[in-house]
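Below, each chain spelled out in residue letters.
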Amino acid sequence: MEKLIVANWKMNPEDVSKAREIAFFSDQGGVILCPPVIFLNEVKKEIKKATIGAQDVFWERKGSFTGETSALMLKNIGCKYVIIGHSERRRNLKEDNSIIEKKMKALIEEGITPILCIGETREERDKKEAEKIVAEQLSIIPKSTEVIIAYEPVWAIGSGDSCDWELAKEMRSFISDSFKGRFSKILYGGSVNSENCSDYLEKSLFDGLLVGSASLDHQEFKKIIEKALN
Ligand code: 13P
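The structure presented is a predicted model; accordingly, all values stated were derived computationally and were not measured. (Residues numbered from 1 in each chain as written. Predicted model: local features only at pLDDT ≥ 70, side-chain atom pairs only at ≥ 80, totals over all residues. Heavy atoms only, no water.)

**Structural notes on the overall build of the chain**
Secondary structure summary: the chain contains 10 helices and eight strands in total. In terms of overall dimensions, the chain is globule-like: its C-alpha atoms have a radius of gyration of 16 Å, near the 17 Å expected for 230 residues. Projected onto its principal axes, the C-alpha positions of the chain cover 45 × 40 × 30 Å. For the chain, with 230 residues in total, the buried portion stands at 50%. For the chain, contacts bridging at least 24 residues in sequence account for 69% of all contacts bridging at least 6. (Helix = DSSP H or I, 4+ residues; strand = E, 2+ residues; numbered from the N terminus. Rg over C-alpha atoms; globule rule 2.2 N^0.38 Å. Buried < 20%, exposed > 50% of the residue type's maximum accessible area, 1.4 Å probe, protein only. Contact = heavy atoms within 4.5 Å.)

Shown next, in the form of structure tokens:
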């Protein structure tokens, strides 16, 4: 199966020229670049082989929803994929599974592939609730719909404290055994870098990676792409 590398730039970089530069150096087949929406158009112009995606969406199609971006708008600008349910939004904006479910439906209606982020916090893992939490987060995927799943243990995000590949592999097996037929790929995310990326793909058997901070450093990201896609 072809591997997929998704770059989640989060709220970076601070201006369009830097966004163009990162996009230029990240332009490879199998790569999905998810910049802030404000840079989508310029990033799209900069790339030939990569694809653009977004970091979030609103669930309504159009109307009086100040500050929001619809799935239709994202489709019209060329997004084939949209990240939903990222733990930073679950935490900072109190997005729960019912909100994320509405966003997923809106994307599916427009023919956009959702990249559904799931993952447990450190406390949930310590309480041995990781599988229960992940199962709840996955239960919103409609039957007979295939989405891309990104398993991102919350404690491994932006911390440099990457998840042990064996632990990640256990969760990957749990997801694929319990939710057969509801995903096309399972990605791993959380402090991915050029040193650990091969472990997640070759040992934990993930189908790709969701990369945060390392995707902004084009030399580091190039190394990840080379290891993951060749
Ligand atoms: P980091 O790679 O910076 O840990 O971020 C991971 C992430 O949240 C990607 O969505």
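What follows picks up the thread again.
**Describing the packing of helix H7 (residues 130-138) against helix H8 (residues 165-178)**
It is the contact of H7 with H8, at a shortest axis distance of 11 Å, that shows an interaxial angle of 45°. The orientation of H7 with respect to H8, classified from their angle, is oblique. Judged by the sense of rotation from one axis to the other, the crossing of H7 with H8 is right-handed. Every residue of H8 that contacts H7 at Ala 130, Glu 131, Val 134, Ala 135 and Leu 138 is listed here: Met 171, Phe 174 and Ile 175. Here the contact of H7 with H8 is composed, by residue class, of seven nonpolar, no polar and one charged. (Axes fitted to C-alpha atoms, helices over the stretch in contact; angles between N-to-C directions. Parallel < 35°, antiparallel > 145°, perpendicular 65-115°, else oblique. Left-handed = near helix turned anticlockwise from the far one by under 90°. Nonpolar A, V, L, I, M, F, W, Y, C, P; charged D, E, K, R; others polar.)

**Overview of the environment of Phe 174**
Mapped onto the secondary structure, Phe 174 falls in helix H8. The sequence separation of Phe 174 and Thr 121 amounts to 53 residues, and the corresponding C-alpha distance is 17 Å. In contact with Phe 174, not counting residues within four places along its chain, are Glu 131, Val 134 and Ala 135.

**Overview of the side chain of His 86**
Inspection of the secondary structure puts His 86 in the loop between strand S4 (81-84) and helix H4 (87-92). A polar contact is formed between the side chain of His 86 and the backbone nitrogen of Glu 88, at a distance of 3.0 Å. In contact with His 86, not counting residues within four places along its chain, are Asn 8, Lys 10, Cys 117, Glu 152 and Ile 157. (Polar contact = N/O pair within 3.5 Å; in protein donor to acceptor, adjacent residues only side chain to side chain.)

**Structural notes on the packing of aromatic side chains**
Within this structure, the stated rule accounts for six aromatic pairs. Aromatic side chains Phe 58 and Phe 65 sit 5.0 Å apart centroid to centroid with 40° between the ring planes, which places their arrangement in the tilted category. Here the aromatic residues Tyr 151, Tyr 188, Tyr 200 and Phe 206 are joined through ring pairs into a cluster of three or more. In this arrangement the basic side chain of Arg 122 is found over the ring face of Trp 155, its NZ or CZ atom lying 4.3 Å from the centre. (Phe/Tyr/Trp six-rings, centres within 6.5 Å; stacked < 30°, edge-to-face > 60°. Lys NZ or Arg CZ within 6 Å of the ring centre and 35° of its normal.)

**A look at the environment of Ile 99**
The topology assignment puts Ile 99 in helix H5 (residues 97-109). Between the alpha carbons of Ile 99 and Phe 58 there is a distance of 9.3 Å; along the sequence they are 41 residues apart. Excluding residues that lie within four positions of it along the chain, Ile 99 makes contacts with Trp 59 and Lys 94.

**Points about the site of the ligand**
Around the ligand sit Asn 8, Lys 10, His 86, Glu 152, Ala 156, Ile 157, Gly 158, Gly 190, Ser 191, Leu 210, Gly 212 and Ser 213, and those are all the residues in its vicinity. Contacts to the ligand include Glu 152, whose side-chain N or O atom sits 3.0 Å from an oxygen atom. A class-by-class count of the residues in the shell around the ligand yields three nonpolar, seven polar and two charged. (Near = heavy atom within 4 Å.)

**Considering H5**
When the terminal C-alpha atoms of H5 are compared, their 18 Å separation across 13 residues agrees well with the 18 Å that a helix rising 1.5 Å per residue should span. Along H5, the residues that are buried comprise Ile 100, Lys 103, Met 104, Ala 106 and Leu 107. Buried residues along H5 cover an arc of 160° about the axis, so they all sit on one side. Contact partners of the buried residues in H5: helix H3 (71-77), S4, H4, strand S5 (113-118) and strand S6 (147-151). Two residues or fewer after H5 comes Gly 111, characterised by a positive phi angle close to 75°. (Expected span 1.5 Å × (residues − 1). Arc of directions from axis to C-beta.)

**What to know about the pairing of S4**
Where strand S3 (residues 51-54) meets S4, two bridges bridge the pair, whose relative direction is parallel. Across the sheet, the residue bridging to Gly 53 is Tyr 81, located in S4. Crossover S3 to S4 through H3 is right-handed. Sheet topology note: the S4/S5 ladder contains four bridges and is parallel. Within the sheet, the bridge partner assigned to Ile 83 lies in S5 and is Ile 115. (Pairing = 2+ DSSP bridges. Right-handed = clockwise from strand over helix to strand, strands pointing away.)

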